[in-house]
Amino acid sequence: MTTPAELRSLLADSLAVWEVEGRVSAEAEGLVIATANARCIVVPGPTPTRWFLTAGTRTRPVPSVPALLSAIRRAIGVPSGGIARIGTGSGIL
């Protein structure tokens, strides 16, 4: 299980990797991700929903860490990256 402190650290690191200036803070309403263009709130949810993500006026259930990161990326306007392909046909020698 991911603790709130671990999730806050992961989200802060993700902002850095995505090269987005912003901050992640633990507030009474949940974990708040604030950037120049968006504000998102992450709160724990009941099983099987791990979290709820509120971005703007929309709140959606999120079942996993990868899904949460993808949803936050979309909400703050970070374009998705390329897909890493390794192996036959990847073009990597």
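Heads up: these notes are all about the structure in this document. This one's a predicted model, so the numbers in the text were calculated from it and none came from an experiment.

Structural notes on the pairing of strand β4 (residues 51–55)
Judged from the five bridges that link them, strand β3 (residues 39–44) and β4 form a sheet pairing that is antiparallel. Along β4, the bridge assignment pairs C40 with A55. The turn linking β3 back onto β4 is made up of six residues. Of the pairings in the sheet, the one linking β4 to strand β5 (residues 58–62) comprises five bridges and is antiparallel in character. If you follow F52 over to β5, its bridge partner there is P61. In this structure, the hairpin formed by β4 and β5 is closed by a connection of two residues, where G56 is found at a positive phi of approximately 65°.

The rules behind each value
- Residues numbered from 1 in each chain as written.
- Predicted model: local features only at pLDDT ≥ 70, side-chain atom pairs only at ≥ 80, totals over all residues.
- Heavy atoms only, no water.
- Pairing = 2+ DSSP bridges.
- Helix = DSSP H or I, 4+ residues; strand = E, 2+ residues; numbered from the N terminus.

Taken by themselves, the reported measurements are silent on function.
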